[in-house]
Structures are given as C-alpha cells and as structure tokens.
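Single-letter residue listing:
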Amino acid sequence: MKPYMIVEGSSQAVETFEKKIADALALGYSLAGELVAQSHALETRFFQPLILTEDEEEWDEDEEEDEEED
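Residues numbered from 1 in each chain as written. Predicted model: local features only at pLDDT ≥ 70, side-chain atom pairs only at ≥ 80, totals over all residues. Heavy atoms only, no water.

**Considering the overall build of the chain**
Logical step 1: A count of helices and strands for the chain gives two helices and four strands.
Logical step 2: Ordering the α and β elements of the chain from the N terminus gives β-α-β-β-β-α.
Logical step 3: Relative to its full complement of 70 residues, the chain shows a buried share of 20%.
Logical step 4: For the chain, the share of sequence-separated contacts (at least 6 apart) that also reach a separation of at least 24 residues comes to 55%.
Logical step 5: Surface accessibility of the chain: about 5,400 Å² in total, with carbon and sulfur atoms responsible for 50%. (Helix = DSSP H or I, 4+ residues; strand = E, 2+ residues; numbered from the N terminus. Buried < 20%, exposed > 50% of the residue type's maximum accessible area, 1.4 Å probe, protein only. Contact = heavy atoms within 4.5 Å. Areas by Shrake-Rupley, 256 points an atom, 1.4 Å probe, with all protein chains shown as cover.)

**Topic: the side chain of Gln-48**
Logical step 1: Topologically, Gln-48 is positioned in strand 4 (residues 44-52).
Logical step 2: In this structure the side chain of Gln-48 is engaged in a polar contact, spanning 3.0 Å, whose partner is the backbone oxygen of Gly-33.
Logical step 3: Ignoring sequence-local partners within four residues, the contact set of Gln-48 consists of Met-5, Ile-6, Val-7, Phe-17, Ile-21, Leu-31, Ala-32, Gly-33, Glu-34 and Leu-35. (Polar contact = N/O pair within 3.5 Å; in protein donor to acceptor, adjacent residues only side chain to side chain.)

**A closer look at the pairing of strand 3 (residues 36-39)**
Logical step 1: For strand 3 and strand 4, the ladder comprises four bridges, and the chain directions are antiparallel. Bridge pairing links Gln-38 to Arg-45 in strand 4.
Logical step 2: What sits between strand 3 and strand 4 in their antiparallel hairpin is a turn of four residues. (Pairing = 2+ DSSP bridges.)

**Some points on the environment of Lys-2**
Logical step 1: As for its placement among the helices and strands, Lys-2 is situated in the segment before strand 1 (4-10).
Logical step 2: In sequence terms Lys-2 and Ile-51 are 49 residues apart; their C-alpha atoms lie 8.4 Å from each other.
Logical step 3: Apart from the residues lying within four places of it in its own chain, the contact partners of Lys-2 are Tyr-29 and Leu-52.

**Points about the side chain of Ser-10**
Logical step 1: On the secondary structure map, Ser-10 appears in strand 1.
Logical step 2: At 3.4 Å, the side chain of Ser-10 and the side chain of Glu-43 are in polar contact.
Logical step 3: Ignoring sequence-local partners within four residues, the contact set of Ser-10 consists of Glu-43, Thr-44, Arg-45 and Phe-46.

This is the structure:
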C-alpha cells in the first residue's frame with residue numbers, strides 16, 4: 001500500500017466519496033490534514049489527504065533502534 005494518498009470526490013457523489021474515506025480508514029489510513037473543497041460551476045470537488053499509520057509506527061521503531069546503536 002502507498003504510505004499516503006489523496007481521496008478525491010465530488011458533490012455529485014458524496015456517498016461514494018464518504019465510502020472511499022471509510023474504506024481507507026478501515027485499511028489503516030488516518031486523516032492527514034484538512035478537507036479541501038474547490039467550487040466549480042455545477043459541482044464542488046473534495047480532496048482528503050490520508051497517511052498510512054501502520055508504516056509510520058514501523059518507521060518510528062526502526063528509528064529508535066538506530067538511535068540506540070549510536
């Protein structure tokens with residue numbers, strides 16, 4: 001899995017956007033910033049950054065081991 005991603009959606013399909021976010025959260029991603037909304041003539045586009053929290057924890061453990069060795 002990617003360590004981060006941006007989920008895109010629109011006001012024309014809010015339920016689909018919400019499902020994408022819910023699915024990503026179930027896979028171990030966390031919200032990584034504010035929801036961005038861009039208004040266009042007939043719709044609003046949504047962008048939600050997400051980060052994989054499992055990889056972050058593994059990285060922290062590796063970093064701690066490196067610090068102990070120094």
